[in-house]
Amino acid sequence: HFSGLEEAVFRNIQACKELAQTTRTAYGPNGMNKMVINHMEKLFVTNDAATILRELEVIEGYEIACRKAHEILPDLVCCSAKNLRDVDEVSSLLRTSIMSKQYGNEAFLAKLIAQACVSIFPDSGHFNVDNIRVCKILGSGIYSSSVLHGMVFKKETEGDVTSVKDAKIAVYSCPFDGMITETKGTVLIKTAEELMNFSKGEENLMDAQVKAIADTGANVIVTGGKVADMALHYANKYNIMLVRLNSKWDLRRLCKTVGATALPRLTPPVLEEIGHCDNVYLSEVGDTQVVVFKHEKEDGAISTIVLRGSTDNLMDDIERAVDDGVNTFKVLTRDKRLVPGGGATEIELAKQITSYGETCPGLEQYAIKKFAEAFEAIPRALAENSGVKANEVISKLYAVHQEGNKNVGLDIEAEVPAVKDMLEAGVLDTYLGKYWAIKLATNAAVTVLRVDQIIMAKPAGGPKPPSGKKDWDDDQND
């Protein structure tokens, strides 16, 4: 079995072989003529392969079938999301997308993601997936994961202050250090007194700078660069908490969370530039030190899901499941309609498009029927992955759908080929997800069919540079 790119290449080869089969008997002086009737009912008798392929009209048939699928799809909608601010309802709608990544943990994760999404869902309805952050901390198990309204950074505080309530935050994108001149200068010191005064002048300047920041009411400083020892001393003197963030993206997101402006120089911030947060504290999760910027109210701009797990690989996979869940919520904010999952929608589309294909005159009907047949790939894959006979499942699904039960899909939990109502089982897919899947898959197939020649550029000849030993100066192996 092939998958991914290999499968796509294999399918393209298969399509080419079928086309070759069609035109093979037309080759050579003794080749057979083909009788082709096109959509305008014009009859061609030819052995010219190009004419045969042009008149077969696969592309046109696919495009007609795609339009028909989009016409049928709204009739297959089985329900709609009623209230996207209800955590229980949202978590039931996110279960399907999380189930495919984390089967068995979907109920817990769906609730977690729903809490995070609902807490930051703005009244305007414009939900930004970037506002849900994930912080992965090794240790414990998946059920120790939690949601925090605010941001969590895997950092330690720089100074002595480790907790501040009702924090006023000044954010700097520059290092927390004394100013240095743009040009190089040489200072000539003649006496010990001058040396004392020189270093004292630097200390006084730093003291004045930190005091000016403290006088604005700021009690937390976040910096994007290194923290000098002297600056740290004065921050401790004025009881200011110091946090260093290396990532400029983290700095930007924090500014958004607390409502601060990142300043490029160590100048005292004005009132509008200071951010606010209910609680900033250093905490220990497992054996990892984290700095938490926490909002007590649940309507913060950013929410963080703190994931726990025994291995990095497991947490990476859970993060992908979280990503799926958050994006499903985003899709639901745009269109609340839902269609049955588990292959129910695909079988119904296949059934209706096949019936439509039979009413079409001309050659495109073959392409339309093949298009309909392609929808069977989804329930077939689900059946094969569940270890049941795919053909038996598909024939059962067709039989049930023929009776008018549009919501019936594959029961993956049964150990024998079985079907059940997907709406009752709560296995639901988003309408927009299906709509775009059909549209983009058709576009991809049509693009491949339109390609008539592939020209590959190979690198120019000439001698290759010697690879040699990388560590030629290491004598440890001698």
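Because the structure is a prediction, the values reported are computed rather than measured.

**Student:** I tried to follow the overall build of the protein on my own but got confused; where do I start?
**Tutor:** In terms of regular secondary structure, the protein is built from 15 helices and 16 strands. For the protein, long-range pairs separated by at least 24 residues make up 73% of all intrachain contacts whose partners lie at least 6 apart in sequence. Total accessible area on the protein is roughly 27600 Å²; 52% of this is exposed by carbon and sulfur atoms.

**Student:** How do you make sense of the packing of aromatic side chains when you look at a structure like this?
**Tutor:** What the rule picks out here adds up to 9 aromatic pairs. Consider the rings of Phe121 and Phe329, whose centres lie 5.5 Å apart with planes at 85°: the pair is edge-to-face. Separated by 208 residues along the polypeptide, Phe121 in the loop between helix H5 (106–119) and strand S4 (132–138) and Phe329 in helix H9 (residues 312–334) bring together distant segments of the chain. You can call Phe121 buried: its relative accessible area is 12%.

**Student:** Looking at this structure, how should I read helix H10 (residues 344–359)?
**Tutor:** Along its 16 residues, H10 runs 24 Å from first to last C-alpha, staying within 8% of the 22 Å computed at 1.5 Å per residue. Residues of H10 that are buried include every one of Ala344, Thr345, Glu346, Ile347, Glu348, Leu349, Ala350, Lys351, Ile353 and Gly357, and no others.

**Student:** What is the right way to look at the nonpolar core in this model?
**Tutor:** Here is a general trend for soluble globular proteins: nonpolar side chains tend to be buried in one another's company. Ranked by internal contacts, the top residues of the largest apolar core, which has 31 residues, are Leu94, Ile113, Phe127, Ile132, Ile305 and Phe329. Of all the elements in the fold, those that place two or more residues in this core are helix H4 (87–99), H5, strand S12 (303–309) and H9. Per-element accounting of this core gives the leading share, 8 residues, to H5. Of all hydrophobic cores here, the second largest spans 22 residues; its members include Met151, Leu245, Phe293 and Ile302.

**Student:** Please explain a nonpolar patch on the surface as it appears in this structure.
**Tutor:** Where nonpolar side chains cluster on the molecular surface, the patch consists of Tyr103, Ile378, Leu382 and Ile412 and spans about 350 Å² of accessible area. Looking at the secondary structure, you find Ile412 in the loop between strand S14 (408–410) and strand S15 (419–421). Take Ile412: its relative accessible area is 40%, and that puts it in the partly exposed class.

**Student:** For this particular structure, what's the right way to read unusual backbone geometry?
**Tutor:** One non-glycine residue, Ser140, adopts positive backbone phi at about 60°. Overall, Ser140 belongs to the partly exposed group, its relative accessible area being 48%.

**Student:** Teacher, can you tell me more about the packing of H5 against H9 here?
**Tutor:** In a pair of packed helices, the angle between the axes and the distance between the axes together describe the arrangement. As a packed pair, H5 and H9 sit with axes 10 Å apart at the nearest point and diverge in direction by 50°. With respect to H9, the element H5 is oriented oblique. Once H5 is placed against H9, the crossing between them reads as right-handed. Residue-level contacts link Leu109, Ile113 and Cys117 of H5 to Ile318, Ala321, Val322, Gly325, Val326 and Phe329 of H9.

**Student:** How should I be thinking about helix H8 (residues 248–258) in this particular structure?
**Tutor:** An α-helical segment advances 3.6 residues per turn. Residues three or four places apart therefore align on the same side. By the burial criterion, the buried members of H8 are Leu251, Arg253, Leu254, Cys255, Thr257 and Val258. Where H8 begins, the side chain of Ser247 points an oxygen toward the backbone nitrogen of Trp249, at a separation of 3.1 Å. Where H8 ends, the next residue or the one after it, Gly259, has phi of about 75°, a positive value.

The rules behind these values
- Residues numbered from 1 in each chain as written.
- Predicted model: local features only at pLDDT ≥ 70, side-chain atom pairs only at ≥ 80, totals over all residues.
- Heavy atoms only, no water.
- Helix = DSSP H or I, 4+ residues; strand = E, 2+ residues; numbered from the N terminus.
- Contact = heavy atoms within 4.5 Å.
- Areas by Shrake-Rupley, 256 points an atom, 1.4 Å probe, with all protein chains shown as cover.
- Phe/Tyr/Trp six-rings, centres within 6.5 Å; stacked < 30°, edge-to-face > 60°.
- Buried < 20%, exposed > 50% of the residue type's maximum accessible area, 1.4 Å probe, protein only.
- Expected span 1.5 Å × (residues − 1).
- Core = buried A, V, L, I, M, F, W, Y, C linked by side-chain atoms within 4.5 Å.
- Patch = residues over 30% accessible without salt bridge, like charges linked within 9 Å, V, L, I, M, F, W, Y side chains within 5 Å.
- Salt bridge = Lys/Arg side-chain N within 4 Å of Asp/Glu carboxyl O.
- Axes fitted to C-alpha atoms, helices over the stretch in contact; angles between N-to-C directions.
- Parallel < 35°, antiparallel > 145°, perpendicular 65-115°, else oblique.
- Left-handed = near helix turned anticlockwise from the far one by under 90°.
- Polar contact = N/O pair within 3.5 Å; in protein donor to acceptor, adjacent residues only side chain to side chain.

Function-wise, these values are silent; they only describe arrangement.
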